[in-house]
Amino acid sequence: MAWKKVPSELVEFLASALAPFGADRRMMFGCPVYFLNNNMFVGAHEDNIMLRLSPEDQDELLAENKEAMPFAPMGRRMKEYALLPPALYREESLFEKWLQRSFAYVSSLPPKQKREKKAKARK
């Protein structure tokens, strides 16, 4: 099943919201994703925003907000990630709360070393 393309409005919203954090933007599977110290932080997926949270924060988010859900692209759950649907990220104070929690968690992680790209074999 093909994923729905991220709407340009969501791409712009996320870019604006992430500007103060100094995160690096990359594209993954056609979706904008932001990194801190090479650790995935937040991104867009279809109409939703994906956040990386500590297990405790993720449990709290999912318990408090029935619209939020674990992030499971292609049917496989990514354990540190949760999805915020539009109803949640459009509520500014709620989005800011969870964005700050995600930033605090990802900032506490050790920097991830970039993998070296393998040279293509020549024939």
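Given the structure is predicted, the values throughout are model-derived calculations rather than measurements.

Chemist: Teacher, can you tell me more about the layout of surface pockets here?
Modeler: Space left empty within the atom packing is revealed by a probe, the size of a water molecule, rolled over the atoms. Counted as a void, the second largest pocket has a volume near 340 Å³. Of all elements in the fold, only β2 (31-36) and β3 (39-45) reach the threshold of two or more residues within the lining of the second largest pocket. Classifying every residue of the lining of the second largest pocket by side-chain character gives 12 nonpolar, 1 polar and 2 charged.

Chemist: What am I meant to see in helix α1 (residues 8-18) here?
Modeler: It helps to recall that an α-helix has 3.6 residues per turn; residues three or four apart then point in one direction. Considered for burial, the residues of α1 that qualify are Leu10, Leu14, Ala17 and Leu18. When α1 is viewed along its axis, its buried side chains cluster within an angular range of 90 degrees and face the same direction. Exposed residues lying more than 90 degrees from the buried face of α1 are Glu9, Glu12 and Ser16. Buried residues along α1 sit against β2, β3, β4 (48-52), α3 (86-89) and α4 (92-108).

Chemist: What should I look at first to understand helix α2 (residues 55-64) in this one?
Modeler: Within α2, the full set of buried residues consists of Asp57, Gln58 and Leu61. Seen along its axis, α2 keeps its buried residues to an arc of 100 degrees; they face one direction. Along α2, exposed side chains directed more than 90 degrees from the buried face belong to Glu56, Asp59 and Ala63. Contacts made by the buried residues of α2 are with β6 (81-84) and α4.

Chemist: In this structure, what is going on with the side chain of glutamine 58? I would like to understand it.
Modeler: For glutamine 58, the location among the structural elements is in helix α2. Take glutamine 58: its relative accessible area is 3%, and that puts it in the buried class. Within the structure, glutamine 58 has its side chain in polar contact with the backbone oxygen of lysine 79 (distance 3.2 Å). Setting aside anything within four residues of it in sequence, one finds glutamine 58 in contact with Leu53, Arg77, Lys79, Glu80, Tyr81 and Ala82.

Chemist: Could you clarify how one ought to interpret the nonpolar core in this entry?
Modeler: Counting 29 residues, the largest nonpolar core has Leu18, Phe41, Val42, Ile49, Leu51, Leu84 and Leu99 as the members making the most contacts within it. Looking at this core, the elements with two or more residues in it are α1, β2, β3, β4, β6, α3 and α4. The element contributing the most residues to this core is α4, with 6 residues. Setting aside chain neighbours within four positions, we find isoleucine 49 in contact with Leu10, Phe13, Leu14, Val42, Gly43, Ala82, Leu83, Leu84, Tyr89 and Phe95. The next biggest cluster of nonpolar side chains, apart from the first, holds 7 residues, and it includes Val33, Phe35, Met50 and Tyr81.

Chemist: Any chance you could explain the pairing of β4 here in plain terms?
Modeler: The two faces of the sheet receive side chains in turn, since in a regular strand these alternate between them. Counted residue by residue, β4 has 5 buried out of 5 residues, so it is predominantly covered. Pairing analysis gives 4 bridges linking β3 to β4, with the strands arranged antiparallel. Directly across from histidine 45, in β4, lies its bridge partner asparagine 48. Connecting the antiparallel pair β3 and β4 is a turn made up of 2 residues, with glutamate 46 showing a positive phi of about 55 degrees. Two strands pair when backbone bridges link them, and β4 and β6 are joined in this way by 4 bridges, in the antiparallel orientation.

Conventions adopted
- Residues numbered from 1 in each chain as written.
- Predicted model: local features only at pLDDT ≥ 70, side-chain atom pairs only at ≥ 80, totals over all residues.
- Heavy atoms only, no water.
- 1 Å grid on protein atoms, 1.4 Å probe; cavity = no way out; pocket = protein on both sides within 12 Å on 5 of 7 lines; lining within 4 Å.
- Points joined across faces, edges and corners; volume = space filled by probe spheres on them.
- Helix = DSSP H or I, 4+ residues; strand = E, 2+ residues; numbered from the N terminus.
- Nonpolar A, V, L, I, M, F, W, Y, C, P; charged D, E, K, R; others polar.
- Buried < 20%, exposed > 50% of the residue type's maximum accessible area, 1.4 Å probe, protein only.
- Arc of directions from axis to C-beta.
- Contact = heavy atoms within 4.5 Å.
- Polar contact = N/O pair within 3.5 Å; in protein donor to acceptor, adjacent residues only side chain to side chain.
- Core = buried A, V, L, I, M, F, W, Y, C linked by side-chain atoms within 4.5 Å.
- Pairing = 2+ DSSP bridges.

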